[in-house]
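# Structural overview
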Amino acid sequence: MQLTFESMNNKDFPIPHNELERLAALKRYNIIDTLPENAFDDATKLVSYICGVPIAHISFIDEDRQWFKSEIGIGLTEVPREISFCQYTIMDTKMLEIPDTHLNDTFKDDDNVTGGFKVRFYAGVPLTTPDGYNIGTLCAIDHVTKELNDDQRNALSIVAKHVVNQLELRTKNIELAKQKKIAERAVFAKDSFLANMSHEIRTPLNAIIGFTDLLAQTTMDNVQRDYIESVQVAGENLLIIINDILDLSKIESGNLTIDAQSFNLKKTLKHIYNLLKVKASKDIEVNLFLDADMPDVVIGDQGRLNQILVNLVGNSIKFTQEGEVTVSVKKVGETDDDYSLKFSVKDTGIGIQKDKLKTIFDRFTQAEESTTRTFGGTGLGLNIVKQLVELHKSEIHVKSEVNRGSEFFFVLTYKKAPPAVNAVKTVSKNSLGQLKILLCEDNILNQKLVKSVMKNFGFELDIADNGEAGIEFLSKNNYDLVLMDLQMPVKDGYQTTEYIRNEMNSTIPIIAMTAHSLVGEQERCFNVGMDAYVPKPFKQAALLGAIKTVMSKDPKPLQKRKLDLSFLDEMSCGDPDFKMEMITLFVEKIPNETAQLQDAFNHNDTETVMRVAHNMRSSLDIFMLHDLTNCLSVIEEEARLGQFTSETVNKIEILHCGIIEVIKTLKEL
Amino acid sequence: MNIVLAEDNDILRRSLSFFLESKGFVVKQFSDGKDALEAIKTNTFDLILTDINMPGVSGMEITQYVRQTIGSPIPIIIFTSSGVEQTELDCFDIGANEFIAKPVSPAVLLVRINKLLNKRS
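Residues numbered from 1 in each chain as written. Chains lettered and ligands numbered in written order. Predicted model: local features only at pLDDT ≥ 70, side-chain atom pairs only at ≥ 80, totals over all residues.

### Concerning the overall build of chain B
Looking only at helices and strands, chain B has five helices and five strands in total. When the helices and strands of chain B are placed in sequence order, the string is β-α-β-α-β-α-β-α-β-α. Relative to its full complement of 121 residues, chain B shows a buried share of 40%. (Helix = DSSP H or I, 4+ residues; strand = E, 2+ residues; numbered from the N terminus. Buried ≥ 20, exposed ≤ 12 C-beta atoms within 10 Å, placed from the backbone.)

### Some words on the interface of chain A and chain B
The partner chain B presents 15 residues to the 16 residues of chain A that form the contact. Mapped by element, the contributors of at least two residues to the side of chain A that touches chain B are α18 (566–572), α19 (576–602) and α20 (606–622) of chain A. Grouping the constituent residues of the side of chain A that touches chain B by class yields seven nonpolar, five polar and four charged. (Contact = placed C-beta atoms within 7 Å. Nonpolar A, V, L, I, M, F, W, Y, C, P; charged D, E, K, R; others polar.)

### Points about the pairing of strand β3 (residues 47–51) of chain B
All names here are of chain B. Within β3, five of the five residues are buried, which leaves it mostly tucked inside the rest of the structure. Of the two faces of β3, the one carrying L47, L49 and D51 and the one carrying I48 and T50 are both buried. When strand β1 (residues 2–6) meets β3, the two strands line up parallel, connected through four bridges. Across the sheet, residue I3 finds its bridge partner in β3, namely L47. With four bridges joining them, β3 and strand β4 (residues 76–80) adopt parallel strand pairing. What sits directly across from T50, in β4, is I78. Where the polypeptide runs from β3 across helix α3 (residues 59–70) and back to β4, its parallel neighbour, the crossover connection is right-handed. (Pairing = 2+ DSSP bridges. Right-handed = clockwise from strand over helix to strand, strands pointing away.)

### Topic: the sheet that holds strand β6 (residues 134–142) of chain A
Residues and elements named next belong to chain A. With antiparallel pairing, six strands are arranged side by side in an open sheet as β3-β2-β1-β6-β5-β4. The open sheet has two free edges, formed respectively by β3 (78–80) and β4 (96–98), since each of these has just one partner strand. The mean inter-strand angle of the sheet, taken between neighbouring strand axes irrespective of direction, is 20°. Strand contacts of helix α6 (residues 150–216): β1 (55–61), β5 (121–128) and β6, with the helix running at about 40° to β5, the strand carrying the most contacts. (Axes fitted to C-alpha atoms, helices over the stretch in contact; angles between N-to-C directions.)

### Here we look at the sheet that holds β4 of chain B
Residue and element names in this part refer to chain B. The strand order β2-β1-β3-β4-β5 describes an open sheet built from five strands, whose pairing is parallel. Looking at which strands have only one partner, the edges of the open sheet turn out to be β2 (26–30) and β5 (98–101). Pairwise comparison of adjacent strand axes, ignoring direction, gives a mean angle of 20° for this sheet. Where helix α1 (residues 10–22) meets the sheet, it contacts β1 and β2, and its direction lies at approximately 170° from that of β2.

### A few points about the confidence of the model for chain B
Model confidence for chain B is summarised by a mean pLDDT of 88, while 94% of its residues fall at 70 or above. Model confidence for chain B, summarised as mean pLDDT per element, is weakest for helix α4 (residues 85–93) of chain B at 78 and strongest for β2 of chain B at 94. (pLDDT = per-residue confidence, 0-100.)

### Focus: the pairing of β1 of chain A
Residue and element names in this part refer to chain A. In terms of burial, β1 is a largely internal element, seven of the seven residues being buried. The alternating pattern of β1 places I55, H57, S59 and I61 on one face and A56, I58 and F60 on the opposite face, and all of these are buried. Here six bridges tie β1 to β6, and the two strands are oriented antiparallel to one another. Looking at the pairing, I55 lines up with I141 of β6. Remark: three residues form the turn of the hairpin made by β1 and strand β2 (residues 65–72), two consecutive strands paired antiparallel.

### Details of the UniProt feature "modified residue: 4-aspartylphosphate" (unreviewed entry) in chain B
All names here are of chain B. The positions UniProt marks with the feature "modified residue: 4-aspartylphosphate" (unreviewed entry) are D51. Checked against the element boundaries, D51 lands in strand β3. Excluding residues that lie within four positions of it along the chain, D51 makes contacts with A6, E7, D8, G59, F79 and T80. (UniProt positions renumbered as here; feature names shortened; annotations may be inferred.)

### Let's talk about the environment of I242 of chain A
Residue and element names in this part refer to chain A. Mapped onto the secondary structure, I242 falls in helix α7 (residues 222–252). Linking I242 and I201, residues 41 residues apart in sequence, is a C-alpha distance of 8.3 Å. In this structure I242 touches S198, I201 and R202, once residues within four positions along its chain are discounted.

### Examining unusual backbone geometry
A cis amide bond links K102 of chain B with the next residue in sequence, P103 of chain B, at an omega value of -5°. Its location among the elements puts P103 of chain B in the loop between β5 and α5 (106–120). A positive phi angle, close to 65°, is found at V490 of chain A, a residue other than glycine. Here V490 of chain A falls in the partly exposed class, since 13 other C-beta atoms lie within 10 Å of it. For M624 of chain A, which is not a glycine, the phi torsion comes out positive at approximately 50°. Following the sequence through the fold, M624 of chain A ends up in the loop between α20 and α21 (626–640).

### Remarks on the packing of α19 of chain A against α20 of chain A
Pairs of packed helices are described in terms of their axes, by the angle between the two and the distance that separates them. All names here are of chain A. Relative orientation of the contacting elements α19 and α20 amounts to 155°, with a least axis distance of 9 Å. For the element pair α19 / α20, the angle class is roughly antiparallel. With respect to the hand of their crossing, α19 and α20 are arranged in left-handed fashion. Residues F586, I590, E593, Q596, L597, A600 and F601 of α19 form the contact with α20, whose participating residues are T608, V609, V612, A613, M616 and S619. Of the residues in the contact of α19 with α20, the class split is nine nonpolar, three polar and one charged. (Parallel < 35°, antiparallel > 145°, perpendicular 65-115°, else oblique. Left-handed = near helix turned anticlockwise from the far one by under 90°.)

### Some points on the environment of M580 of chain A
Locating M580 of chain A in the fold gives a position in helix α19. A sequence separation of 86 residues divides M580 of chain A from L666 of chain A, and the C-alpha atoms of the two residues are 9.8 Å apart.

### Brief notes about the nonpolar core
It is characteristic of soluble globular proteins that their nonpolar side chains tend to be buried jointly. Residue and element names in this part refer to chain A. Counting 86 residues, the largest nonpolar core has M484, I511 and A613 as the members making the most contacts within it. The dominant element in this core, judged by the number of residues it contributes, is α20, at seven residues. There are two domains that each give this core at least three residues, and those are domain 4 (429–552) and domain 5 (566–668). With 34 residues, the next largest nonpolar core counts Y122, L138, L148 and L156 among its residues. (Core = buried A, V, L, I, M, F, W, Y, C linked by C-beta atoms within 7 Å. Domains from an automatic or database assignment.)

### Structural notes on the confidence of the model for chain A
All names here are of chain A. Across chain A, pLDDT averages 84, with 91% of residues at or above 70. Summarising per-element confidence for chain A, the mean pLDDT is lowest in helix α1 (residues 5–8) (40) and highest in β1 (96). Throughout residues 1–10 the model reports pLDDT below 50, and contacts reaching past four residues in sequence, or to other chains, amount to eleven contacts. Ignoring residues within four places in sequence, the model shows residues 421–430, a span with pLDDT below 50, making seven contacts including any to other chains.

### Things to note about helix α14 (residues 467–476) of chain A
All names here are of chain A. Residues of α14 that are buried: G467, G470, I471 and L474. Summarising the axial view, the buried residues of α14 lie within an arc of 100°, below the 170-degree limit, and thus occupy one face. Residues of α14 that are exposed and point more than 90 degrees away from the buried face comprise E472 and K476. Buried residues along α14 sit against β14 (436–440), β15 (460–464) and α15 (493–503). (Arc of directions from axis to C-beta.)

What follows is the structure in structure tokens.
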């Protein structure tokens, strides 16, 4: 749009012909009314040094004012556009230099020449954007006459260019930060999508695998048995794929951690050996070589070691037609605190070409394009193995020769276990006797499945369709145990457990059964007061194990949080009325704030989360709820970073439960 | 002795002020930094106790105003739950006399208040 000088000039100052576009360009930089920044202040100082003047500034001119981003010797943040010298400077692309204002017709009667700043010398360079708009000026001003030399003029133009570059950089940085935030949100969304998907897939898969197991226990002819076994294998393979994808997403989001529990290494290795030996064809000999002075028990992550070896050995078996697959473990180092063990999986299989050795650990890559078709698999296995080994702070290596075989090896360091390891108490099934169990579960297939399994175990089962109904059952009948699904209509598993623990004051054992695989969910279950956790699809043995564990536990008295009111006592100087007043205030205020926090979190409103969490910390400090204050610190910090993670979800849940407990205890005082 | 107490958390503010009043101080409490600053401008106090994060005007800004604009040497104690060392440095930099990390221990607070007031008298 080309506007003429006259049509725009309804105010009495000169207006560039491209004023509207110029203002739009200025707006793009979002610079007006921002705080001072070093980069601009430095440039202003440079102008003052170069020209040897007492007054210098960098300013931007919008519709009606000249605003100073940085200034020396002015002491104002802005002046009306019509009294500024710079309104003329932005009319041209060249520098405007007035050696003596008293000799200049335009300026000699100007208020800032005769009075005001007593401007005698003025030099202004327009700040021109890359697309050609003069959005502001860089100026040198003096009270005496002056003439710049060519070097000084040149330097001014260069500084002006740098200021514009700085503006560009600043805008790009802001844009980058915005994009980074979007990207982080996307990762978070991806993680929850994967977790939710896996839940959706696992629920029906649970029913498929469970019922197939039950069906396999009935009498049938050989053909039927063959079919059923195929279904079982397919179901389990499907589960492996889903678990692989989930593991990857957990590793990616940094939510997968390496456990440090003591476990029997030799037994674990023998178990893996027995498991995989069965899978190998008759033409393959599977060997397990253990170093004689290898430790029995170490501290580390049994499950992950299992996963690494099962993956590697499984691969070796898959790619070996005949010959041997050998797993060997050797102690390669020992200190006072730990052992270093070298694990190796070696086969006499098809081998890997040299040029493929680097990419076999990449995701969705297999050595042969045709591998997927011939040998199956997701192409995720080795990538997961590599990442799991790296999570152990180690590296995996591979040696291979085509048609001769491959060897994968890595060294893991395990902490030494304390010498005495308690024998695990075993409870035989019989010792449990006839249990009366309540199942809270909304899915009809799962209800049927659990019912059949419980019948197999010889237990009696009642079924509630949701948490509310479960509470109803619990208040009418006596049960030994509750099996609790987490996602249910009306009242979910968490809410129901909270109610059972806090309102009914019951210590009945509760086992969570869930197809969720959300990170931290297990912790959340324990936090609301559940006793055990069985992931779906559940194995009958795992469920029975969990039941045995919770039934053999000494019935623990309901653990009530001990409130430490010594700080409040100190504050109230022994005045019981004031103390009560503060307690009442806490009881009235904190549950609302917790709800507000939760709500803001749900709406991804980081500002409010940050503010509320910060404020709540002071209140919780007075009641010395250090664990909950720590939760708030984490929540506040994540909100400050503008990025919520599953950690936040977790802490909010812990906070929520903790506050309910505290309020309840305070009300009883 | 007259003390200004600026803190936006109700429970903490009322507790601290109850505690200090029990110890014989006269406490004027504010939940908003702006109101606190207005009161400081128009009245004479012996000591200022302020949180950093508050609606309206922050504790830093109050301190800055008292030192730079009013030019008063009145003792100022800043408390905050920020665990950042820089915050503490900044507080002293702009002229605070004491910096106490939350949770504020009443006994410690009392000792510091008395120390600052004795030094002046």
